[in-house]
Amino acid sequence: MDGSEVGEVKEVAVNLDAFTEGEYASQSKIYKEFATLSTIDKAWTFKSSNGLGTQIMFSLSQPNLLSNKKRKLMLSSFISEDSNGTLNVQWSPFPIEITGASVMVPSPSGKKLLVIRNPENDSPSQFEIWGPLQLEKEIRVPQSVHGSVYVDGWFEGISWSPDESLIAYVAEESGFHKPTFNNTGYKTDAGPTHKDYNSWKGQGDWEEDWGEAYSGKKHPALFVININSGEVCAVDIGSSLSVGQVVWGPPTKGSHQYLVFVGWPLSSRKFGMKYCTNRPCALYAIKAPLFGLKIKENATNNVSLVNLSQATSSAFLPRFTPDGKFLVFLSAKSAVDSGAHNATNSLHKIEWNSEGEPHPAKIIDVVPVVMCHEDDCFPGIYCFDMISKPWLSDGFTMIFSSIWGSTEVILSVNMLSGKVSRITPSDSNHSWSLLTLDGNNILALCSSPIDVPQIKYGSLTKDESKDATWHWRDVSSPISECQEKVKSLLSSLQFDILKIPIKNVSNNLTKGACKPFDAIFVSSKLKHDHTCDPLTVILHGGPQDVSLTSFSKSSAFLASIGFSLLIVNYRGSLGFGEEALQSLPGKVGSQDVNDVLVAIDHVIDMRLANPLKISVVGLSHGGFLASHLIGQAPDKFVAACVRNPVCNLALMVETSDIPDWCFVEAFGNEGLSLYTESPSSELLSFFHQKSPISHVSKVKTPTLFLLSAKDIRVPVTNGLQFARALKEKGVPLKVIVFPQDIHPINRPQSDFESFVNIGVWFKKYCRLTLKGKMLY
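Residues numbered from 1 in each chain as written. Predicted model: local features only at pLDDT ≥ 70, side-chain atom pairs only at ≥ 80, totals over all residues. Heavy atoms only, no water.

For the overall build of the protein chain, give the residues involved together with the corresponding values.
Looking only at helices and strands, one finds 15 helices and 40 strands in the protein chain. A compact globule built from 776 residues should have a C-alpha radius of gyration of about 28 Å, and the protein chain, at 27 Å, falls within 12% of that. A buried classification covers 57% of the 776 residues belonging to the protein chain. Summarising the internal contacts of the protein chain: among those between residues at least 6 apart in sequence, 63% fall at separations of at least 24. Summed over all atoms, the accessible surface of the protein chain reaches about 33,600 Å², with 51% contributed by carbon and sulfur. Treating the 70 positive side-chain charges of the protein chain as one cloud and the 78 negative ones as another, the clouds have centres 3 Å apart. (Helix = DSSP H or I, 4+ residues; strand = E, 2+ residues; numbered from the N terminus. Rg over C-alpha atoms; globule rule 2.2 N^0.38 Å. Buried < 20%, exposed > 50% of the residue type's maximum accessible area, 1.4 Å probe, protein only. Contact = heavy atoms within 4.5 Å. Areas by Shrake-Rupley, 256 points an atom, 1.4 Å probe, with all protein chains shown as cover. Lys, Arg positive; Asp, Glu negative; His and termini not counted. Charge placed at Lys NZ, Arg CZ, Asp CG, Glu CD.)

Please provide a residue-by-residue account of unusual backbone geometry, values included.
Pro-543 follows Gly-542 through a cis peptide bond whose omega is 5°. Take Pro-543: it is sitting in the loop between strand S35 (535-539) and helix H6 (553-560). Backbone geometry places Arg-607, a non-glycine residue, at a positive phi of 60°. Inspection of the secondary structure assignment puts Arg-607 in the loop between helix H8 (591-605) and strand S37 (614-619).

Describe the state of the cysteines, and please don't skip the residues or the numbers.
Applying the stated criterion to the full structure yields zero disulfides. Unpaired in terms of disulfides, Cys-641 finds its nearest cysteine sulfur in Cys-647, a separation of 12 Å. You can call Cys-641 buried: its relative accessible area is 0%. (Disulfide = S-S within 2.5 Å.)

Break down the sheet that holds strand S13 (residues 180-182) for me, citing the residues and quoting the values.
Strand order in this open sheet of three strands is S14-S13-S15, and the pairing throughout is antiparallel. Each edge of the open sheet is held by one strand with a lone partner, namely strand S14 (185-187) and strand S15 (199-201). Sheet twist, expressed as the mean angle between neighbouring strand axes with direction ignored, is 40°. For S13 and S15, the ladder comprises three bridges, and the chain directions are antiparallel. (Pairing = 2+ DSSP bridges. Axes fitted to C-alpha atoms, helices over the stretch in contact; angles between N-to-C directions.)

An account of the sheet that holds S37 is needed here, citing residue identities and associated values.
Two pairing modes exist for strands in a sheet, parallel and antiparallel, and in both the strands are linked by backbone hydrogen bonds. With respect to topology, eight strands assemble into an open sheet ordered S33-S34-S36-S35-S37-S38-S39-S40, the strand pairing being mixed. At either margin of the open sheet sits one strand with a lone partner, and together these are strand S33 (493-500) and strand S40 (733-738). Strand-to-strand twist of the sheet, defined as the mean angle between neighbouring strand axes without regard to direction, takes the value 15°. With five bridges joining them, strand S34 (residues 517-524) and strand S36 (residues 564-569) adopt antiparallel strand pairing. By the bridge assignment for S36, Val-522 is matched with Leu-565. Set on the sheet, H6 makes contact with S33, S34, S35 and S36; between it and S36 the angle comes to about 145°.

Describe in detail the pattern of salt bridges, supporting the description with residues and values.
Per the stated rule, a full pass over the model turns up 22 salt bridges. When the shortest N-O distance is used, the salt bridge between Lys-515 and Asp-375 registers 3.4 Å. Of the two residues, Lys-515 sits in the loop between S33 and S34 while Asp-375 sits in the loop between strand S25 (364-367) and strand S26 (397-404), which places them 140 residues apart along the sequence. Its relative accessible area of 17% is what places Lys-515 among the buried residues. Residues Glu-484 and Lys-487 are paired through a salt bridge, measuring 3.5 Å at the closest nitrogen-oxygen approach. Pair noted here: Glu-484 and Lys-487 are both in helix H5 (residues 484-490), with a separation of three residues, about one helical turn. The partly exposed category is assigned to Glu-484, whose relative accessible area is 45%. Of the residues examined, Lys-487 reaches a relative accessible area of 30% and is grouped as partly exposed. Among the charged side chains, a network of salt bridges with common partners joins Lys-32, Glu-33 and Lys-485. (Salt bridge = Lys/Arg side-chain N within 4 Å of Asp/Glu carboxyl O.)

Could you give an account of helix H9 (residues 621-632), naming the residues involved and the relevant values?
For H9, spanning 12 residues, the distance from its first C-alpha to its last is 16 Å, which sits close to the expected 16 Å at 1.5 Å a residue. The element H9 is extensively covered by neighbouring structure, given that 11 of its 12 residues are classed as buried. All buried positions along H9 are accounted for by His-621, Gly-622, Gly-623, Phe-624, Leu-625, Ala-626, Ser-627, His-628, Leu-629, Ile-630 and Gly-631. (Expected span 1.5 Å × (residues − 1).)

Give a description of the nonpolar core that names residues and reports values.
Ranked by size, the top nonpolar core spans 72 residues in total, and within it Leu-259, Phe-261, Leu-308 and Leu-347 carry the most contacts. Per-element tally for this core: the top contributor is strand S19 (residues 258-265), with six residues. Excluding anything up to four places from it in sequence, Leu-308 contacts Val-260, Leu-283, Tyr-284, Ala-285, Leu-327, Ile-350, Trp-352, Pro-358, His-359, Pro-360 and Ala-361. Core analysis: the second largest hydrophobic core is formed by 61 residues, Leu-566, Ile-604, Ile-658 and Cys-662 among them. (Core = buried A, V, L, I, M, F, W, Y, C linked by side-chain atoms within 4.5 Å.)

Can you explain helix H14 (residues 716-729)? Please cite residues and give values.
Look at H14: 20 Å from first C-alpha to last across 14 residues, which is about the 20 Å you get at 1.5 Å a residue. For H14, every residue scored as buried is listed here: Val-716, Asn-718, Gly-719, Phe-722, Ala-723, Ala-725 and Leu-726. Buried residues along H14 sit against H9, helix H10 (649-652), strand S39 (703-708) and S40. Backbone geometry just downstream of H14 places Gly-730 in the positive-phi region, at approximately 85°.

What follows is the structure in structure tokens.
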């Protein structure tokens, strides 16, 4: 996209001083370079016909600022090794834009490609089967059969059968009856299917959906499509479960195959599902439908639903070992039991019965939850996604990405011994994410706060006298070449992971909760007469989440315009063991606030930051923290930005899609038993005391509010109430509400306007607070 295509943000023309208008202009131009970068989302490998190399298909996305959408692109390459072990990579000359595709899924053999286009308005879902040269089959499924196919990565379950004739998937169950009215009243006969301008559809009974990011999605149900006949069959599992993550079971004796899926039981209400692994779930097996039979005969063959994981409260991301003997899955039992919306996962397997009917089996622990790890040792599994075939050729070594402290790493797990190995370089502070496997080789992305993602190719080497080792090589790509302007902007920066010691250690803390926590520090390599750049403190949400050393467009932008960054992973973050994580629930607004203040003082004491030029920014719980900080430490910050912040738990508990979160974070594990849909005045008073709103009288920091009108995780009223209270006090503030955004504020134009405003706001108040920089 040419620079001339992106106009200045709309505030530029509205009564701005020359400095601010100049900052809008310059920062808009700089952030455009970051905001329009392409990113690699997925990759698939396909063996060449002669077996001498591998074809790789990359799925990319690129924000389109003018259309306010993301472009989906496909880019192909061919990779091979010569006799000297040199890696040769050939790329197609241009990417191809995939218009209107919701998801693409290659078949197991790599000879077919499924493309699904989800419906708009009343149009049907469209299934396309592509061969090497052309579209081979197009099947349109009307909304009377089902609604949109789930492609979000959590409920999503799109799985080819081994013989590639059937595809199992999850889609929204067809809508229930809605009444029809006309000018004479109730219309008993719906009449023709075409638009009737003399009547209208009523709303019918209200029903909850699955919360944030799932607006209108209420009944994820299981379907199978026969790509030869075009027939679609709904798999009847009853009305007590919502389903997702379906996979085909290995062939069994007899004519039937089984489908295995994750089921979430329906309780008295639907809690928000996005970002929440603490929802009880189990693995279920059911016979796949037989096509070509009469409906009644087919229904009787579907027999019963089997709960395979009855002994645990959580089981998800099922994968079969290549030999079909074991079903492997992750569990978030720690999150379910504690109420924390994410926690340390465990890895398990159950033996699969290939001789007859599946049945509940003994769960075998492979990798348990790590409560407290030794320094630099494995902290536990923190994995929330997995490729469809995560196995090396030995059939028992599983590969996946996980969080390790403040970094993302790639792990291998021996399913026979349970041995966990970090196979990305142990001396690297960069973050590594798995893309796909190429036999015993790995394609991964490696990045850092100051390094754009680089494709890496990992090869397994074995020495009889040593353990297997991994050798990693760079894969040159046209994607990297398109990032030269950004690389130039970041070339003068450096980063490190700081260990922040805990202060005022309490006797009742666990060992894991007493360990130092991390902060990622990004700064300029250049020294300006012993001065420090202004410091921006960046706080992640969750709070059971983490800021990684992976590349972030927004953080890199702030660093490139002259801010040092202190990105704090306070206690309670993922990646540091279960004891550290569980130390925070019940202590929000105090322990997390103190950790951030300790981290700030730590870099000031190291002479890395000017105490008179500190700003803070956070989203969601990060906004909760930022709002607390400017109230509890009102003289610490010259500027703040809060993005969809939790400012008043007493207000949020009655309006959010995750009211249980409020109870657990405020009361700890006790919150699970205290939860009620009608909190008492005493409970509401306690929520208020835990909230930033209780400190609003002390706030004097100029604050920028970035809010989403369609956020149902932290509804917009939370931020607006706090902003109005500050305005009443005369605190300088600015409020921007994005009318179509949900919780993350990540639509291209919203993201662009957000971070340009953050940069301008912080520079303005750092400049007003102190002209010139403090000398040490």
